[in-house]
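# Coordinates in review
Here are the chains, one letter per residue:
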Amino acid sequence: MDGYIHSTESFGTVDGPGVRFVIFCQGCPMRCKYCHNPDTWELGKGMRMSPEELIAEYMRNKAFYSRGGITVTGGEPLLQIDFLLELFALAKEKNIHTCIDTSGAAYREGKSAYNEKLDRLMAMTDLVMLDIKHIDEAAHRELTGMPNEGILAFAKYLERKNVPLWIRHVVVPGITDDEAALSRLGAFIGGLKNLRALDVLPYHTMGKAKYQQLGMDYPLEGVEPATKEQAQRAKGIILKSLREARAELAAQTK
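This write-up is about the structure you can find in this document. The structure displayed is predicted, hence computed values, not measured ones. (Residues numbered from 1 in each chain as written. Predicted model: local features only at pLDDT ≥ 70, side-chain atom pairs only at ≥ 80, totals over all residues. Heavy atoms only, no water.)

In terms of burial, strand S6 (residues 127-131) is largely enclosed, as five of its five residues are buried. Covered by surrounding structure in S6 are Leu 127, Met 129 and Asp 131 together with Val 128 and Leu 130, the residues of both alternating faces. As paired elements, strand S5 (residues 98-102) and S6 share four bridges and run parallel to each other. Pairing of Ile 100 across the sheet is with Val 128, part of S6. Of the crossover connections in this fold, the one passing from S5 over helix H3 (residues 113-122) to the parallel S6 is right-handed. Looking at chain direction, S6 and strand S7 (residues 165-171) are connected through four bridges and run parallel. Bridge assignment links Met 129 to a residue of S7, and that residue is Trp 166. (Buried < 20%, exposed > 50% of the residue type's maximum accessible area, 1.4 Å probe, protein only. Helix = DSSP H or I, 4+ residues; strand = E, 2+ residues; numbered from the N terminus. Pairing = 2+ DSSP bridges. Right-handed = clockwise from strand over helix to strand, strands pointing away.)

This is how it looks when you write it as C-alpha cells:
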C-alpha cells in the first residue's frame, strides 16, 4: 500500500536515537497554533510512495544508521496505519529500529478494527515519541482545535503495551508554560512505567514563512520565541512533579 508522503530526511538527528531516516507523512487532524509544518495538514496530498521504495532509500545509506533507524512523523503518521503496518513489517525483516513521532490524536479507546491494527503495529514499534501539547483539556482545545482525552488515553495504552515512550512538550510563552499545568504534566507522565525520556523544546517561529507562502495568517503573531532558559525552567518543573509522582507510587507498592 502506498503512503502519502510530504518529504523525507536522510540524516535526521532530532527524531529519535542516533542518525535516522525520517519520513514525513501527509495529513493531520490537529491545527496546532505553533505548527511549523502547515503544509502537511491536508489529507490525500503529497507524494505517493510504497514501503518498498522507502526501505530502499534507507538501505542506500544503511551504514550511517547503525545506531539509528526509521522514524515516521508528520503530519500525523497514525492516520495511515495500513501503510505503516507494511512499512514496519519490511523494516523488521531487515532488523531496522522503528520509531513513530505522533500527537496521539488518531487514538480512540475501545474495541475497533483500527485498534486491532494498532496492536499489530505496536508489536513492531521500538519507540513512540508522543507530543503532549497541553495537559489541560480546555487549553489543549484552544491551542490545537481538539480535546486531549484520547491523547492521554493513548499514553496509557502504550504503557499497557510496554512500548518505550519519549514525551515531547513545546514551551510557548504565555500558553504552555503555566507552572500548575507543567506540574500536572509531570504528575501524569511520572505514572507511566514505559517512560524513557522527556524533551522540553522551546517554541520557535521558523515556520512563519510557510504560512506566508501558503497565504495563511500566522496564529501566534506577536508571540516571542521561547528562550533556552524558559525551556529549562519548564523542564525543571515537570521533572520535580514527575519525581514526586514516582516517589508516591513507590511508597504505595512497599
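Within the secondary structure, Glu 76 is located in the loop between strand S4 (69-73) and helix H2 (81-93). For Glu 76, which is buried and forms no salt bridge, the nearest opposite charge comes from Lys 133, at a distance of 7.5 Å. Residue contacts for Glu 76: discarding those within four places in its chain leaves Gly 27, Cys 28, Pro 29, Thr 102, Ser 103 and Gly 104. (Lys, Arg positive; Asp, Glu negative; His and termini not counted. Salt bridge = Lys/Arg side-chain N within 4 Å of Asp/Glu carboxyl O. Contact = heavy atoms within 4.5 Å.)

Structurally, the position occupied by Arg 184 is in helix H6 (residues 179-190). Measuring from C-alpha to C-alpha, the distance between Arg 184 and Leu 220 comes to 24 Å, with 36 residues separating the pair along the chain. Apart from the residues within four sequence positions on either side, Arg 184 is in contact with Ile 135 and Asp 136.

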